[in-house]
Amino acid sequence: SRAENYSNAASGIYVDQTSSVTIGGTSASDRNIISDNGAEGIHIRSASNVTVLGNYIGTAGSGSSALGNSENGIHIDGSSNVNVGNGLSSGRNIIAGNGRRAIAVDAGSVSNITMNENYLGTDSSGNTALTNGQNYDWYFGDAIGFGSGSYNNINILNNVMGGFPGAHIEFYGTAASNVTIQGN
């Protein structure tokens, strides 16, 4: 069993102006528990070719209870070629219990983002809600929120979403093209 409560005042993982990064993997031994941090669980800023697989973001190590990050589970800004999940249960991220959105995308030009086969706002079984967005009003309580920016080639596929006070998927103040939302 992994130790709990090794948090910090900032983001759990901060990827800034970097390329070719993999966070987690497809086996349980690759899994990161990214929880109880003072800002984002994972912040991906001005980066490219980033893959996030098989992590528990905002939950305890068991995946059955919340141990949320203060802000978003994952925050993507000004980045391209980012994959959150890989369409298989082995690559599924559990993103729940965070203070704001499960996944927030904003700031500048963002392209080629795929979110596939994740559990957002639920425990690791996908059957019990672990609410995101409890630190703010409903406006910040979306499962996936796209804020001010320009978006191209966005794919939101096969995710289970629950436990949100706001929208499950929201685009606001954006210019978006080539967006596919299916099987959620």
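Structure: see above.
Everything numeric here is computed off the predicted structure, so don't read it as measured data. (Residues numbered from 1 in each chain as written. Predicted model: local features only at pLDDT ≥ 70, side-chain atom pairs only at ≥ 80, totals over all residues. Heavy atoms only, no water.)

Undergrad: Can you tell me about the environment of Asn155, naming the residues and giving the values?
TA: Along the chain, Asn155 turns up in strand E14 (residues 149-157). Residues contacting Asn155, with those up to four places away along its chain left out, are Ile113, Thr114, Met115 and Thr180. (Helix = DSSP H or I, 4+ residues; strand = E, 2+ residues; numbered from the N terminus. Contact = heavy atoms within 4.5 Å.)

Undergrad: Report on the packing of aromatic side chains, specifying residues and quantitative values.
TA: Scanning the entire structure with this criterion turns up two aromatic pairs. Ring centres of Phe146 and Phe171 lie 4.3 Å apart, and the angle between their planes is 5 degrees; this geometry places the pair in the stacked category. Note that Phe146 is positioned in strand E13 (residues 144-146) and Phe171 in strand E16 (residues 169-171), a separation of 25 residues in sequence. For Phe146, a relative accessible area of 0% corresponds to the buried category. Taking the relative accessible area as the measure of exposure, Phe171 reaches 29% and is therefore partly exposed. Members of the aromatic cluster, joined through ring pairs, are Phe146, Tyr151 and Phe171. When the ring centre of Tyr56 is taken as origin, the NZ or CZ atom of Arg31, which lies over that ring, is 4.2 Å away. (Phe/Tyr/Trp six-rings, centres within 6.5 Å; stacked < 30°, edge-to-face > 60°. Buried < 20%, exposed > 50% of the residue type's maximum accessible area, 1.4 Å probe, protein only. Lys NZ or Arg CZ within 6 Å of the ring centre and 35° of its normal.)

Undergrad: So what's going on with the sheet that holds strand E12 (residues 119-120)? Which residues, and what values?
TA: If you trace the five strands from one edge of the open sheet to the other, you get E3-E6-E9-E12-E15, paired in parallel fashion. Each edge of the sheet is formed by a strand with only one pairing partner; in this case those strands are strand E3 (33-34) and strand E15 (160-161). The sheet contact formed by strand E6 (residues 56-57) and strand E9 (residues 94-95) spans two bridges and is parallel. Within E9, the residue paired with Tyr56 across the bridge is Ile94. (Pairing = 2+ DSSP bridges.)

Undergrad: Run through the sheet that holds strand E17 (residues 174-182), naming residues and quoting values.
TA: Strand order in the open sheet formed by six strands is E2-E5-E8-E11-E14-E17, and the pairing between neighbours is parallel. Single-partner strands in this sheet number two, and they are strand E2 (19-24) and E17. Averaged over all adjacent pairs, the angle separating strand axes in this sheet is 10 degrees, with direction ignored. For strand E5 (residues 48-53) and strand E8 (residues 80-84), the ladder comprises four bridges, and the chain directions are parallel. By the bridge assignment, Ser48 is partnered in E8 with Ser80. (Axes fitted to C-alpha atoms, helices over the stretch in contact; angles between N-to-C directions.)

Undergrad: Got a sec to walk through the nonpolar core? Specific residues and values, please.
TA: Ranked by size, the top nonpolar core spans 30 residues in total, and within it Ile44, Ile74, Ile76, Ile103, Met115, Leu120 and Ile144 carry the most contacts. Ignoring anything within four residues of it in the chain, the contact list for Ile74 reads Ile42, Ile44, Val52, Ile57, Val84, Ile95, Ala102, Ile103 and Ala104. (Core = buried A, V, L, I, M, F, W, Y, C linked by side-chain atoms within 4.5 Å.)

Undergrad: Tell me about the environment of Gly133, and please be specific about residues and values.
TA: Along the polypeptide, Gly133 turns up in the loop between E12 and E13. Using a relative accessible area of 2% as the deciding quantity, one classes Gly133 as buried. Taking the C-alpha atoms as reference, Gly133 lies 17 Å from Ser11; in sequence the two are 122 residues apart.

Undergrad: Quick rundown of the pattern of salt bridges? Include the residues and the values.
TA: Applying the stated criterion across every chain yields a total of three salt bridges. One salt bridge in this structure joins Arg45 and Asp16, with 2.7 Å as the shortest N-O distance. One end of the pair, Arg45, is in strand E4 (residues 42-45); the other, Asp16, is in strand E1 (residues 13-16), with 29 residues separating them in the sequence. Look at Arg45 and you get partly exposed, because its relative accessible area is 29%. For Asp16, a relative accessible area of 28% translates into the label partly exposed. For the salt bridge of Glu71 with Arg100, the shortest nitrogen-to-oxygen distance reads 3.1 Å. Highlighted residues: Glu71 in the loop between E6 and strand E7 (74-77) and Arg100 in the loop between E9 and strand E10 (103-106), separated in sequence by 29 residues. You'll find Glu71 and Arg100 in the same group, each marked buried. (Salt bridge = Lys/Arg side-chain N within 4 Å of Asp/Glu carboxyl O.)

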